[in-house]
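Summary of the model geometry
Chain by chain, the residues run as shown.
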Amino acid sequence: MKILGIESSCDETAAAVVENGRNVLSNVVATSLDEHKLYGGVVPEIASRRHAESISGVVTEALLQANCTLADIEAIAVTYAPGLIGALLVGVNFAKGLSAASGKPLVPVHHLRSHIAANYLTSDLEPPFLCLVVSGGHSHIVAVNSYTDYKIIGKTRDDAAGEALDKAGRTMGLEYPGGISIDKISPLGNANAFSFPHPKIADAPYDFSFSGLKTSVINTVHNSTQKGETVNTADLAASFQKAVVDCLITNFEKAAVDFGYKKIVLAGGVSANSLLRAESEKMCARHGWQLRLPQLKYCGDNGAMVAAQGYYEYLAGVKAPLSLNAYANMPIDNVNF
């Protein structure tokens, strides 16, 4: 069964064809990242315009590389939430047009569910398992009970880990995306050179808070600038990255122990972070847990992960009418359309 997956939640216009939820036949991505670098972050209006310009060609190329046509496709899966609303609408409306023209079923896919599904493209992973989903807009600990049944164990109360990394990188003068730049420069620095807070939430031990941590690094840079002091950027980056990863791993490990999980999974753009991957491996080695990590090429937004999750949603009978809308916010465990 071949599923066409379409993704346009942020700045990547992506489409892919995946067979039976696991076998990637094509995976095409067009990004406007270089344009957004000029502004130090994603500009929603620019992202939406680039999606509109690219989506037809990207979908056509995905079908071509998979050596198939729409007639060979069982269903069309599309990211409909959450994300930048203008960007989402481009993908949703294009998918609705394809569905109307071809008569193929339309399958709505939640963005975070598809990030988790990226792991299905990498290994023989099957639910149940505990997953840490970390990206620019989200930081969740999710119990994946089945391919379409999720429960949030913990989440950020304010900023996401990826957002904190990106904004910290910008404050340090590093190239956007700041999180990737921090990861690249951190091995050159001393991770113990600076001390940053590790916020905890007393009444919610699995929840995260990165706002104060982000403010702390910004204040460190500003205070040094005001005093005319030079900050070692590699040391600062390494110390900040260590603090963020420590917060993620501490809560994730506690949740896994408390709920008795032995199968541990990472997902989302920040799952590509080298320190997070290394610390996850150490954590699992300490407890004898299984660890599943997505291939680096599937960590960022892509159509293959949408098609993979779309396959399981379709098997579960999830189909959307042509009145399907896009939503900027939508919980992973209580989706509607």
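Residues numbered from 1 in each chain as written. Predicted model: local features only at pLDDT ≥ 70, side-chain atom pairs only at ≥ 80, totals over all residues. Heavy atoms only, no water.

1. Considerations on the pairing of strand β6 (residues 129-134)
- Counting buried residues along β6, six of its six residues qualify, which places the element largely inside the surrounding structure.
- With burial as the criterion, each face of β6 is covered, one bearing Phe129, Cys131 and Val133 and the other bearing Leu130, Leu132 and Val134.
- Looking at chain direction, β6 and strand β7 (residues 139-146) are connected through six bridges and run antiparallel. Following the sheet pairing, Val134 is matched in β7 by Ser139.
- The antiparallel pairing of β6 with β7 creates a hairpin that spans four residues between the two strands.
- Where β6 lies against strand β9 (residues 263-267), four bridges are found, and the strand directions are parallel. Following the sheet pairing, Cys131 is matched in β9 by Val265. (Buried < 20%, exposed > 50% of the residue type's maximum accessible area, 1.4 Å probe, protein only. Helix = DSSP H or I, 4+ residues; strand = E, 2+ residues; numbered from the N terminus. Pairing = 2+ DSSP bridges.)

2. Remarks on the nonpolar core
- One finds Leu130, Phe240 and Ile264 to be the most contacted residues of the largest nonpolar core, which totals 44 residues.
- Elements with a contribution of two residues or more to this core: β6, β7, α5 (161-171), α6 (178-185), α7 (211-226), α8 (233-259), β9 and α9 (274-287).
- A total of 13 residues in this core trace back to one element, the largest contributor, which is α8.
- Ignoring any residue separated from it by four or fewer positions in sequence, one finds Ile264 in contact with Leu130, Phe252, Ala256, Met283, Cys284, Trp289, Gln290, Leu291 and Arg292.
- Of all hydrophobic cores here, the second largest spans 32 residues; its members include Leu125, Val133, Tyr311 and Tyr314. (Core = buried A, V, L, I, M, F, W, Y, C linked by side-chain atoms within 4.5 Å. Contact = heavy atoms within 4.5 Å.)

Shape is all these values report; function is a separate question.
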